[in-house]
Amino acid sequence: MNTKKVFFTTPIYYVNAKPHLGHAYTSIAADVATRFKKMAGFETFFLTGTDEHGDKIVQAAEKQNTTPKEYADNISRLFQDLLPVLNIENNFFIRTTDPSHIKIVKNILSKIHESGDIYFSSYEGLYCFGCERFYQERELVGGKCPDHGTVPEVIKESNYFFKMGKYQEWLINHIKTNPDFIRPKQYKKEILSFLKEPLEDLCISRPKSRLTWGITLPFDEEYVTYVWFDALVNYISALSFPDGELFKKFWPNTRHFVAKDIIKPHGIYWPIMLKAAGIKIYNGLNVHGFWNVKGSKMSKSIGNVTDPIEVTGIYGTDAFRYFLMREMVFGLDANFTRETIVSRINSDLANDLGNLFSRVLSMNHRYFKGEVKGPDKKIQEEKMLSLEPDAVTAIDAFTKAMDLCEFHRGIGAIWQFVSIMNKYIDKNAPWVLAKDDAEKPYLETVIYNLIEGLRLVSGLIYPVMPETSCKMQKALNMEKGNNEFYTLKEISQWGQIKKGSIIENPKILFPRIDTDKIKSSEPVKLAKPFKPALKEEITIDDFAKVDLRTGIVIKAEKIKNSNKLLKLQVDLGAETRQVIAGVAKSYTPEEITGKQVIVVANLKEVKLMGEISQGMLLAATHTKKIVLSGFDKEIMPGNPVK
RNA sequence: GGCGACGUAGCUCAGUUGGUCAGAGCAUGCGGCUCAUAUCCGCAGAGUCCGGGGUUCAAGUCCCUGCGUCGCUACCA
């Protein structure tokens, strides 16, 4: 038997926070893809796990007075416990602290090091000891660390670097010649556009003086490897690279599922790492968008971080899985609100599918005491009663869409068939046929086709709603054993329902959710979200750190080679400051001269386009329009503004 | 500022290579049925397919430009 094989992964989730909606989506999407491929006859392997090394974990652990390992154990446990709640059937759960993983990371590092693609180099940078990290100049706030408010020190450090630039052309070519390598295609474009600029080499180490919570480099005891190098290797360490059966079986028939924020590591570092280590390149990357919640990005300060366990508890696992897969166009962002999920559940699940199931089975019960009758071939042909052609169409559209991870379309194809069945009932009006004994064969044919249709639907929804699939099949006397399912091939054959068997009166598949109740129990929050999102709350003391003063622009001139910056001399009373302001698009030097402005007077000076800037003007911006702040009456320069 | 994506009915969005492409779902209104979870079925809305140019016998669908939204990136103080 030469079965086709495919390997699906989620990213390994960083253990610095508990799982949220986004994690749940990625995992469910990969689970749906895996289940679908199983239906299509593939042998599959599905991997997820946690990423547990690095600075942040050490810091978080210290805060809780615990060890990094213990801290990681706790959060990793949360991710592991989430899986059964979401009904995710992973084959393995990897942790970057697993000894076997660590061994393989070292193996790969050695390989690349030996081939000469890792080199040692030192560099100077601005280092904040509080944060234990380097900052780029532009990341600083007023020349100070944004977290600690201290001025970072210039220090020299040596590290190991991975020669990524060497493989840039190769990668561009690889992406172009493998159109499915990055999907959907907007992300392929994004990566290619990024690759137009020269790739910088990747720093892959940290000295142990700064960080010990990591994997020691095999070629230098004094260093640990850093972030992505450790994390990405999980995809093959979990398969026991290089000699494991799993690796031989599944690599490189791999599709990685990731959210759009980590396409660079996966679309650039990872293939180059594989190439440099002489390992085959994985088949492809499936990139999805973000879930916004109530119209805003999920964030702690807004308080809309959504807990998948809580949501599942309210709506049920299958409904939650259905909603996520149906609502999000794979690749694009989507919005999560109580209204949208309730609307999906009520109209798609309760009204369309649930009610169809209920009405068909109860008619069968009412007219035939639950016994499954067969179709009358003659009448079926005469009146074109067979639903088989529509079923074939549905299976076909479903399969095509699911193959491309276009889950929303795959589901759409099933629901189109559901809609056809509802119309079919209306058209043939079984309740009318039931009044006339002569129409009995007609009635039997209609009901039979409907039951068959439900059988098909029960099979097709399996990847998305495994529990409901099983429930329906049980009701239809078509259930398989535990954890078993019908393959596409098996469900495709029309006319499989067991004639003569007795089908019970149906139970409700999906109860409707009373929207009135929700409205009354939930205070209406119609507040429009801020755009951009509101920053973190500060105290009056925080604000008091900013020294605002009144000023008057006494001189203004353009800066060469800059279409945005003006060089201003601003009178602050006690002294005249030079301020470089990015207002040239909206103000000419003539216009701005003489204006009263508000100046941030205690801002650390910086150089912009070679000119010293000793402050900053307050202004409002909307797109490209800039409007300076000012006063409605005359005021002396140098006054404090509060 | 640079690069890129997008802008289609009240809402969420489909619309492949230019010619039944002006659509679906939800919401709304009216009508029908009663098997069903007050569910289902039918009909209606008509929307300058963001504005303006252009290519073409023919353009949401191609080109240019303006505006708007979003992403990446930068000299954003």
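Residues numbered from 1 in each chain as written. Chains lettered and ligands numbered in written order. Predicted model: local features only at pLDDT ≥ 70, side-chain atom pairs only at ≥ 80, totals over all residues. Heavy atoms only, no water.

Draft legend 1. View of the overall build of chain A. Looking only at helices and strands, one finds 23 helices and 26 strands in chain A. Sorting the 642 residues of chain A into buried and exposed places 50% on the buried side. Restricting the contact set of chain A to residue pairs at least 6 apart, pairs at least 24 apart contribute 73%. Approximately 32,600 Å² of chain A is accessible, and the part contributed by carbon and sulfur atoms is 51%. (Helix = DSSP H or I, 4+ residues; strand = E, 2+ residues; numbered from the N terminus. Buried < 20%, exposed > 50% of the residue type's maximum accessible area, 1.4 Å probe, protein only. Contact = heavy atoms within 4.5 Å. Areas by Shrake-Rupley, 256 points an atom, 1.4 Å probe, with all protein chains shown as cover.)

Draft legend 2. Here's a closer look at the nonpolar core. In this structure, Phe 320, Met 325 and Phe 407 are the most contacted members of the largest nonpolar core, which totals 108 residues. Counting residues per element, this core draws most heavily on helix 13 (residues 338-368), which supplies 12 residues. Setting aside chain neighbours within four positions, we find Phe 320 in contact with Leu 21, Ala 24, Ile 28, Leu 86, Pro 308, Val 311, Thr 312, Phe 336 and Ile 341. (Core = buried A, V, L, I, M, F, W, Y, C linked by side-chain atoms within 4.5 Å.)

Draft legend 3. Up close: the sheet that holds strand 9 (residues 205-207). The strand order across the open sheet formed by 3 strands is 9-11-10, and the pairing between neighbours is antiparallel. Single-partner strands in this sheet number two, and they are strand 9 and strand 10 (216-217). Inspection of the sheet shows strand 10 paired to strand 11 (residues 220-225) by 2 bridges, in the antiparallel sense. Looking across to strand 11, one finds that Thr 216 is bridged to Val 224. (Pairing = 2+ DSSP bridges.)

Draft legend 4. The packing of aromatic side chains, seen in detail. Tallied over the full model, the rule gives 26 aromatic pairs. The interplanar angle of 40 degrees and the centroid separation of 5.7 Å between the aromatic rings of Phe 45 and Phe 250 together place this pair among those described as tilted. Here Phe 45, found in strand 2 (residues 43-51), pairs with Phe 250, found in helix 9 (residues 245-250); they are 205 residues apart in sequence, far enough to count as distant. Summarising the aromatic geometry, the rings of Tyr 367 and Phe 368 are spaced 6.5 Å apart at their centres and angled 75 degrees between planes, so their arrangement reads as edge-to-face. Pairwise contacts between aromatic rings join Phe 7, Phe 45, Tyr 235, Phe 241, Phe 247, Phe 250, Trp 251 and Trp 270 into one cluster. A cation sits over an aromatic face here: Arg 206 above Tyr 226, 3.7 Å from the ring centre. Directly above the ring of Tyr 486 sits Lys 480, whose terminal nitrogen or CZ lies 4.9 Å from the centroid. (Phe/Tyr/Trp six-rings, centres within 6.5 Å; stacked < 30°, edge-to-face > 60°. Lys NZ or Arg CZ within 6 Å of the ring centre and 35° of its normal.)

Draft legend 5. Representation of unusual backbone geometry. A cis amide bond links Phe 241 to the next residue, Pro 242, at an omega of 0 degrees. Within the secondary structure, Pro 242 sits in the loop between helix 8 (234-237) and helix 9. In this structure, the amide linkage connecting Trp 251 to the following residue, Pro 252, adopts the cis form with an omega of 0 degrees. Relative to the helices and strands, Pro 252 resides in the loop between helix 9 and strand 12 (254-259). The backbone phi angle of Lys 369 is positive, close to 55 degrees, even though this residue is not glycine. Here Lys 369 lies in the loop between helix 13 and helix 14 (377-382). The exposure class of Lys 369 is exposed, given its relative accessible area of 71%. Positive phi values are uncommon outside glycine, yet Met 384 reaches one of about 50 degrees. Under the relative-accessibility criterion, Met 384 is labelled exposed at 72%.

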